[in-house]
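Structural characterization, general
Next come the chains, spelled out residue by residue.
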Amino acid sequence: MADHIPTRRRAYLPAVLAGLTVLLFAVGLPSQEFDEGIDYSVVTEPTRAEAGDDVEVLELFWYGCPHCYQLEPHIDRWLENKPEGVTFRRLPAAASPRWVPHAKAYFAAEQLGVLDKLHVPLFKALHDDRRKVFTDEQIIAFAAEQGIDKEAFAAAYNSFPVDMQVRKAAELVRRYNIDGVPSIVVNGKYVTSATQTGSNARLFQVIDYLVAREGVDDGETQPAQARPAETEPSG
């Protein structure tokens, strides 16, 4: 249920997790207990993608990943009823040289305020239409097809701010110890995925559980915001 970062391995967990104990929490957490190390992992270096007092739910994805595309409607449904005090963000996982052009495309479109014209169409082109949109030239041409100004997009795509965002994304992949996408990071502290939870439905139960944990920890200091790496990210 995940596309894996090249040269690294993920230990696949069973799809069916038996024997979980159902508990009722007086502090208002969801009634089902989830297990650290099975349903989610704890980040060694807690770091939010963006600073804030809210609870951050961050999706790391790659446009070339079919599982990321399949997760999109599930995310949309969750967003319709997401808990109060939660901010959802996406982050393209610039985890290898092959993934960097798509990360640059996302950040360029975001910079220009035209992400709505690129995000879903690029997923559809790659997975429904089986188009090859991977190189710089192919991506810039594709953006123009979507009605995005070609020169403006190319300038943003090759800009210093976008390069810095790609570096920051690569650094977050390292800090979160991400070895496959899609992955979800809750408040910079916890990482989960459908591979860990066994299904997309259970994934969002775990997300709600972790969000609730953060919601009752009012006295805790929020994790620091990540800064771009000083060196070129490795694949």
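Shown above is the structure to which this text applies.
Description of the structure in this document. Values in this document were obtained by computation on a predicted structure and should not be read as measured data.

How each quantity is defined
- Residues numbered from 1 in each chain as written.
- Predicted model: local features only at pLDDT ≥ 70, side-chain atom pairs only at ≥ 80, totals over all residues.
- Heavy atoms only, no water.
- Salt bridge = Lys/Arg side-chain N within 4 Å of Asp/Glu carboxyl O.
- Helix = DSSP H or I, 4+ residues; strand = E, 2+ residues; numbered from the N terminus.
- Buried < 20%, exposed > 50% of the residue type's maximum accessible area, 1.4 Å probe, protein only.
- Pairing = 2+ DSSP bridges.
- Right-handed = clockwise from strand over helix to strand, strands pointing away.
- Axes fitted to C-alpha atoms, helices over the stretch in contact; angles between N-to-C directions.
- Parallel < 35°, antiparallel > 145°, perpendicular 65-115°, else oblique.
- Left-handed = near helix turned anticlockwise from the far one by under 90°.
- Contact = heavy atoms within 4.5 Å.
- Nonpolar A, V, L, I, M, F, W, Y, C, P; charged D, E, K, R; others polar.
- Expected span 1.5 Å × (residues − 1).

Time to look at the pattern of salt bridges. Scanning the entire structure with this criterion turns up 12 salt bridges. With a closest N to O distance of 3.6 Å, arginine 174 and glutamate 45 form a salt bridge. Of this pair, arginine 174 sits in helix H6 (residues 160-176) while glutamate 45 sits in the loop between strand E2 (41-42) and strand E3 (47-48), placing them 129 residues apart in sequence. Judged by relative accessible area, which is 45%, arginine 174 ranks as partly exposed. Judged by its relative accessible area of 35%, glutamate 45 is partly exposed. Salt bridges linked by common partners bring Glu45, Glu171, Arg174 and Arg175 together as one network.

Buried residues dominate strand E4 (residues 55-61), accounting for seven of its seven residues. Of the two faces of E4, the one holding Val55, Val57, Glu59 and Phe61 and the one holding Glu56, Leu58 and Leu60 are both buried throughout. Note that E4 and strand E5 (residues 86-92) share seven bridges and pair parallel. Looking at E5, one finds that leucine 58 is bridged to arginine 89. A crossover connection joins E4 to the parallel E5 through helix H1 (residues 66-80); in handedness this β-α-β unit is right-handed.

This part is about the packing of helix H4 (residues 136-145) against helix H5 (residues 150-157). At their nearest, the axes of H4 and H5 sit 9 Å apart, and the two run at 140 degrees to each other. One finds that H4 runs oblique with respect to H5. For the pair H4 and H5, the crossing hand works out as right-handed. Contacts from Asp136, Ile139, Ile140, Ala143 and Ala144 in H4 reach Lys150, Phe153, Ala154 and Tyr157 in H5. When the residues that make up the contact of H4 with H5 are grouped by side-chain class, the tally is seven nonpolar, no polar and two charged.

Time to look at the sheet that holds strand E8 (residues 190-192). With respect to topology, five strands assemble into an open sheet ordered E2-E8-E7-E4-E5, the strand pairing being mixed. Unpaired on one side and paired on the other, E2 and E5 mark the two borders of the sheet. The sheet strands contacting helix H2 (residues 100-112) are E4 and E5, and the helix crosses E5 at an angle near 135 degrees.

Attention shifts here to H2. Three- or four-residue spacings in an α-helix give side chains the same orientation, since the helix completes a turn every 3.6 residues. Over its 13 residues, H2 runs 18 Å from end to end, which matches the ideal 18 Å to within 8%, given 1.5 Å per residue. Regarding H2, the residues found buried are Pro101, His102, Ala103, Lys104, Ala105, Tyr106, Phe107, Ala108 and Ala109. Buried residues along H2 sit in contact with E4, E5, helix H3 (115-127), H4, H5 and H6. Backbone geometry just after H2 places glycine 113 at a positive phi near 75 degrees.

To continue, consider the environment of isoleucine 5. Mapped onto the elements, isoleucine 5 comes out in the loop between strand E1 (3-4) and E2. C-alpha of isoleucine 5 to C-alpha of serine 96: the two residues are 91 residues apart in sequence and 7.1 Å apart in space. The contact partners of isoleucine 5, leaving out residues within four places of it in the chain, are Ala95, Trp99, Val173, Ile178, Asp179 and Gly180.

Remember, this is a structural readout, not a statement about activity or role.
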